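Okay, here's what each chain looks like letter by letter:
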Amino acid sequence: MKRTLLLGASLTVLTTPFALAQNIADNETGDEIVVVAQKREQNIKDVPLSITAFGQQDLDDVGIQQFDDLADFVPGLEVQEQSANNPGFVIRGITSDSGDATIEPRVAVFQDGVPISRSRGSFVELFDTNVEVVRGPQPTLFGRSALIGAVSINSVRPKLGEAEGYVRLGTGNLDFLFTEGALNIPLGDDAALRVAGRYKQRDGYTENLIGDDLNGFELGAFRGSLRVEPSERLSLDLIYNYQNDSNPGTSFKSGTFLPVSDTGEIGVLNPSEPAALNAFGGIEGGRDLGLEREVHSLTLLADFEINDTFTISSVTNYREFDSSEVFDPDGFNLPLFAFAENAVGDQFFQELRLGFEGASGFSGFVGASFFTEDGSQNVPLFYDETVAQALLGGFLFTSSVPTADGLIPPPLAALPSVLLNPATGAPVLLNPADPTSVVPLGTFSEEFTNFGENDAVDIFADVSYQLTDRLEFTAGVRYTRDDKTSGYAADSDGVSTLTGAGVFVGANVFNNNQRVEVSDTFDGFTYRFALAYALTDDINLFANYGRGRRPEVLAYAANVAQPNILAENFTTVDAETTDAFELGARGSTLDGRLNFDVTGYYYDYTNFQTTVLNDVGTPVPVNGGNASGFGFEFQNDFRVTEWAMLFANYAYNGVEFDDEDGDGNRQVRAGNRFRLSPEHAFTVGGVLSAETPVGSVRLTPLYSYKSKTFFDDDNDTTDAIQDEFQDGYGVVDLRFVMEPNFMEGLAIELFVENLANKEFIIDAGNTGDAFGIPTFIAGPPRLYGGYVRLAF
């Protein structure tokens, strides 16, 4: 049997022998899966890349609704979701998560052929869609920001001449509610409309003793797609996407101070237990903790077949996002800090591509694109000078009552509310002759904003040539020119009585939010070479080399020795490059019962860009040096019997910072592992299916494991207490699906995630770490519920 799987005509779409839908949805074996790989139709065994792909049925079968769910099923991928506003995409140890408007992402995220990689706008719901994850530099296939790989989502296109759809409803613990549906509407013979949407909400799984519970979500997402085919050779797709997130706050829970409620209830330090977090000072007009975010996107795809050999493809898009998140970064009940982050961005993207196939043994494409974006990240912050003085002066520690599990913060009324001389501890007087003329402390606010504008032009080509019936050679190159403008501004409500300036922005660097900016132009080449060899009709070997590039950054670093904000304090952080080598094999054996995909790789990173806190506590990008290492990944599935299938994937990542830089100097992070990158990660599972008198049933158990993970590139080596990491742990999930005989298209599903209620953390350190009071974010506890799905 031949099965064709085309996941979009305007974007490279790849898949893998580990095609979960084909294995879970039916019991057939030996299917030939044809995909649009390297912008042309190929059997997946012929694609010389490390790739994993999912159709919508795959996503539903294993419970994937958003990006962080993907990591269990893609070797080499990790996704951290502090919130929908702050995701971290990690491929083979390299993290992309900065919200700074001047910094380029490392991992490309694409939606319907459009780069959406900016962190604060990239986290979108996965519904009525297909997903592909490609590991390794993808300079010609995915282009912008694909330094180390790409995550691509492709919405289901309207189908001409078919009226169909589905509805899916769900509920579960923590007041989980879920509604999703799609409807395909024919509009005559040459057009069709498809509308799809999802709404879901869940209460926070971390109780908050002084406010709303934390780490929950509420979102709505909608997509409308119109397809028109005025002729056999021309197709047009107009796609509108919208998403709104209105989520409760993130639980940055202190690992130093015990949570205390308004009534005096005292909790424990365990991040999975109740926290005590709040906002204060009227930040963002008096908002509570939480996220408000909107994303809009309008895309036009056009494909015109000139003849049987040549096709012209166009991708046109306008996209914008607007997000605002309020959070408590100190992690305990006293009003030490209250932060917000307001990120906005808009972009326009246009790509034109000429594809060709079968031209004297050559296949491939040439093209060009234009990308322009304008964005900013504004960070207002409030701090209570009374609590800040107590922290900086040690009062919180010395006046608290030590316990075996942390410190109990004193009540706010017990802290000195006047300015103290740090040398004597006596109150500072306005009038030395009047002992009652003390200097009072209050609430102080400051803010800083970074701005990023970029106009980028790309010219690219990717060509494959069939050397023999079994050997194909591919070469690709991309030239990129970036015209960048970076800006910075800062403001405050005066001068802090406590510090004589601010806390984060620093002395003499407020300029009443007057933007200071610099501009520069950068360019560079990226390229790839690949070989694909058909060892047998069922097993292919591949080898490839790719050069990835993360463009230069114009970064601002405040200098407290100079007044105001000056253009001369902008620095250029060198472009980060990656040289990657891969060897792999994929195919099937045992009459198609065993599918496998194995890849080994070696990477060499130069000018690794990382972020540090400068002298005034502001995060700035710097050159972190060089890194290198090797890794190994495999994924496979094995049809044991007609009613039992096993699947597994494993990733080993041995990439770490080199001992010395290119000049022979010892690097600051020598030998450290990358953040958010476990050395070992694997998932094993199975599908047990049966036909019963009442219908078909399917049970899918799953066990996922990750080894020790650090949350910062310094590997927690600079702190007095090493606790900002997660030890190795595993999680068990179960899903049960029944498709009853009495109604076609009906499916009933029960699920439980984190069956054993394993406690773990997804992040540690954060803003509080700069003040010696790191915070910790707990992972989700046991979640359970069910869905009913009706297709029609």
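Calculation rules
- Residues numbered from 1 in each chain as written.
- Predicted model: local features only at pLDDT ≥ 70, side-chain atom pairs only at ≥ 80, totals over all residues.
- Heavy atoms only, no water.
- Helix = DSSP H or I, 4+ residues; strand = E, 2+ residues; numbered from the N terminus.
- Rg over C-alpha atoms; globule rule 2.2 N^0.38 Å.
- Buried < 20%, exposed > 50% of the residue type's maximum accessible area, 1.4 Å probe, protein only.
- Contact = heavy atoms within 4.5 Å.
- Areas by Shrake-Rupley, 256 points an atom, 1.4 Å probe, with all protein chains shown as cover.
- Lys, Arg positive; Asp, Glu negative; His and termini not counted.
- Charge placed at Lys NZ, Arg CZ, Asp CG, Glu CD.
- Phe/Tyr/Trp six-rings, centres within 6.5 Å; stacked < 30°, edge-to-face > 60°.
- Lys NZ or Arg CZ within 6 Å of the ring centre and 35° of its normal.
- Patch = residues over 30% accessible without salt bridge, like charges linked within 9 Å, V, L, I, M, F, W, Y side chains within 5 Å.
- Salt bridge = Lys/Arg side-chain N within 4 Å of Asp/Glu carboxyl O.
- Pairing = 2+ DSSP bridges.
- pLDDT = per-residue confidence, 0-100.
- Core = buried A, V, L, I, M, F, W, Y, C linked by side-chain atoms within 4.5 Å.

**Examining the overall build of the protein chain**
In step 1: Summing up its helical and strand segments, the protein chain has 6 helices and 45 strands in all.
In step 2: For 792 residues, the compact-globule estimate of 2.2 N^0.38 gives 28 Å, and the C-alpha radius of gyration of the protein chain, at 27 Å, lies within 12% of that figure.
In step 3: C-alpha atoms of the protein chain, sized along the principal axes, occupy 95 × 60 × 50 Å.
In step 4: The 792 residues of the protein chain split such that 59% are buried.
In step 5: Sequence-distant contacts, at least 24 apart, represent 69% of the contacts inside the protein chain between residues at least 6 apart.
In step 6: Only carbon and sulfur atoms are counted for the fraction: they give 56% of the accessible area of the protein chain, which is about 29,900 Å².
In step 7: Across the protein chain, the mean location of the 49 positive side-chain charges is 7 Å away from that of the 115 negative side-chain charges.

**Concerning the packing of aromatic side chains**
In step 1: Applying the stated rule across the entire model yields 42 aromatic pairs.
In step 2: Taking the centre distance of 6.4 Å and the plane angle of 70° together, the rings of Phe337 and Tyr383 count as edge-to-face. Of this pair, Phe337 sits in strand β20 (residues 337–359) while Tyr383 sits in strand β21 (residues 362–384), and the two are 46 residues apart along the sequence. Per residue, the accessibility class of Phe337 equals that of Tyr383, and both read buried.
In step 3: Judged by centre distance (5.0 Å) and plane angle (45°), the ring pair of Phe337 and Phe771 falls under tilted. With Phe337 in strand β20 and Phe771 in the loop between β43 (761–765) and β44 (775–778), this pair connects stretches of sequence that are 434 residues apart.
In step 4: Seen from the ring of Tyr787, Arg168 lies directly overhead, with NZ or CZ sitting 4.0 Å from the centre.
In step 5: Positioned above the aromatic ring of Phe127 is the side chain of Arg223, whose terminal nitrogen or guanidinium carbon lies 4.5 Å from the ring centre.

**Structural notes on a negative patch on the surface**
In step 1: Taken together, the side chains of Asp175, Asp203, Glu207, Asp212, Asp213, Glu265 and Asp288 define an acidic patch exposed on the protein surface.
In step 2: By the secondary structure assignment, Glu207 is in the loop between β14 (191–202) and β15 (217–231).

**Some words on the sheet that holds strand β8 (residues 107–111)**
In step 1: Pairing in this open sheet of 5 strands is mixed, and the strands run β4-β10-β11-β8-β9 from one edge to the other. The open sheet has two edge strands with one neighbour each: β4 (50–54) and β9 (114–115).
In step 2: Relative to β9, β8 runs antiparallel, the two being bridged by 2 bridges. The residue bridging Phe110 from the neighbouring strand is Pro115, located in β9.

**Details of the sheet that holds strand β17 (residues 253–254)**
In step 1: Taken together, 3 strands build an open sheet; the order of strands is β17-β44-β43 and the sheet is antiparallel. The open sheet is flanked by β17 and β43, the only strands paired with a single partner.
In step 2: Bridge analysis of β43 against β44 gives 4 bridges, and the strand direction is antiparallel. Its bridge partner lying in β44, Asp763 is registered against Ile777.

**Thoughts on the pairing of strand β31 (residues 594–606)**
In step 1: Here strand β30 (residues 576–589) pairs with β31 via 13 bridges, running antiparallel. Across the sheet, Gly587 pairs through a bridge with Phe596, a residue of β31.
In step 2: Between β30 and the antiparallel strand that follows it, β31, lie 4 residues; Leu590 among them carries a positive phi value of about 55°.
In step 3: Of the pairings in the sheet, the one linking β31 to strand β34 (residues 627–641) comprises 12 bridges and is antiparallel in character. Looking at the pairing, Phe596 lines up with Asn636 of β34.

**Details of the confidence of the model for the protein chain**
In step 1: Per-residue pLDDT for the protein chain averages 89, and the proportion of residues at 70 or more is 91%.
In step 2: Here residues 1–30 is a poorly scored stretch, pLDDT under 50, and it has 118 contacts once near neighbours within four places are set aside; other chains count.

**Remarks on the environment of Asp69**
In step 1: Along the polypeptide, Asp69 turns up in helix α3 (residues 67–70).
In step 2: The sequence separation of Asp69 and Lys706 amounts to 637 residues, and the corresponding C-alpha distance is 14 Å.
In step 3: Setting aside chain neighbours within four positions, we find Asp69 in contact with Gly63 and Ile64.

**Some details on the nonpolar core**
In step 1: Core analysis: the largest hydrophobic core is formed by 47 residues, its most contacted members being Phe67 and Leu70.
In step 2: Looking at which element gives the most residues to this core, the answer is β31, with 3 residues.
In step 3: Apart from the residues within four sequence positions on either side, Leu70 is in contact with Phe54, Ile64, Leu77, Leu126, Val131 and Val133.
In step 4: Residues Phe332, Phe337, Phe448 and Val503 belong to the second largest nonpolar core, which totals 40 residues.

**Re the environment of Leu531**
In step 1: When you line up the elements, Leu531 lands in strand β26 (residues 516–534).
In step 2: For the pair formed by Leu531 and Phe647, sequence separation is 116 residues and the distance between their alpha carbons is 28 Å.
In step 3: Excluding anything up to four places from it in sequence, Leu531 contacts Pro48, Leu471, Glu472, Phe473, Leu541, Phe542 and Ala543.

**Here we look at the pattern of salt bridges**
Pairs can form between side chains of opposite charge once their charged atoms are near each other.
In step 1: Enumeration according to the criterion identifies 38 salt bridges in this entry.
In step 2: With a shortest N-O distance of 3.3 Å, Arg135 and Glu633 are connected by a salt bridge. Of the two residues, Arg135 is situated in strand β10 (residues 129–135) and Glu633 in strand β34; the sequence distance between them amounts to 498 residues.
In step 3: Residue Arg135 is classed as buried on the basis of its relative accessible area, which comes to 2%.
In step 4: Glu633 gets classed as buried once you look at its relative accessible area, which sits at 1%.
In step 5: In this structure, Arg227 engages Asp237 in a salt bridge whose closest nitrogen and oxygen atoms are separated by 2.7 Å. Here Arg227, found in strand β15, pairs with Asp237, found in strand β16 (residues 234–247); they are 10 residues apart in sequence, far enough to count as distant.

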